[in-house]
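Observations on the model geometry
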Amino acid sequence: MNATAGSTARSRAIVALILGYFVVLVYATVASDPLAAIVAELGFGVIAIAVGAMLYGQTANPRSVLAAAAACLAAGGVLTFAAVLTRAAAIDLLSSLFVFLGVGCYVYAVWRSN
C-alpha cells in the first residue's frame, strides 16, 4: 500500500466522521436530546484531533503555518473533551477559539501556497 492510498482512506474516514457529526447534531437539535448533543460535541473533538493529526502528517516543517494549524486543531479537540467533562463555558470558548485559529491558519497556508 502506498502513502497516497492511506491518505485517501484517512480523508474518506474524516469525511464520514464529519457527515456523521452533522447527522447527530441535526438529530440532537430536532429531538432536543441532551445525550445526542453530548455525542455531537465529542464527535466534534474527535474530528478536530483527526484533522489536526492528518495536517501534521502532511507538513514537512514543524515550524510552518500548517503545523500551527494542526496543533491548534488538536488542542481545540482536546479542549472540547475537557469542556464536555467540566461543562465550563470558558473551556468551551477556548476550544472554539483554538479550532477557529486552526482553520484560519490552514486557510492562510493554502492561500500562501498558491
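Presented here is an overview of the structure given in this document. (Residues numbered from 1 in each chain as written. Predicted model: local features only at pLDDT ≥ 70, side-chain atom pairs only at ≥ 80, totals over all residues. Heavy atoms only, no water.)

1. Observations regarding the packing of aromatic side chains
Applying the stated criterion to the full structure yields three aromatic pairs. Relative to F44, the ring of Y21 lies with its centre 5.8 Å away and its plane at 45 degrees, an arrangement referred to as tilted. Here F44 lies in helix α2 (residues 34-58) and Y21 lies in helix α1 (residues 3-31), a separation of 23 residues in the sequence. Here F44 falls in the partly exposed class, since its relative accessible area comes to 30%. Judged by centre distance (5.9 Å) and plane angle (45 degrees), the rings of Y108 and W111 are tilted. With a gap of three residues between them, Y108 and W111 both fall in helix α4 (residues 89-113), about one helical turn apart. Using a relative accessible area of 39% as the deciding quantity, one classes Y108 as partly exposed. Judged by its relative accessible area of 60%, W111 is exposed. In textbook terms, an aromatic cluster arises when at least three aromatic residues are bridged by ring pairs, as seen for Y21, F22 and F44. (Phe/Tyr/Trp six-rings, centres within 6.5 Å; stacked < 30°, edge-to-face > 60°. Helix = DSSP H or I, 4+ residues; strand = E, 2+ residues; numbered from the N terminus. Buried < 20%, exposed > 50% of the residue type's maximum accessible area, 1.4 Å probe, protein only.)

2. Points about unusual backbone geometry
Non-glycine residue S32 carries a positive phi angle of around 50 degrees. Not every positive phi belongs to a glycine, and R87 is a case in point at roughly 60 degrees. Within the secondary structure, R87 sits in the loop between α3 (65-86) and α4.

So far we have only geometry, and geometry alone does not tell us how the molecule works.
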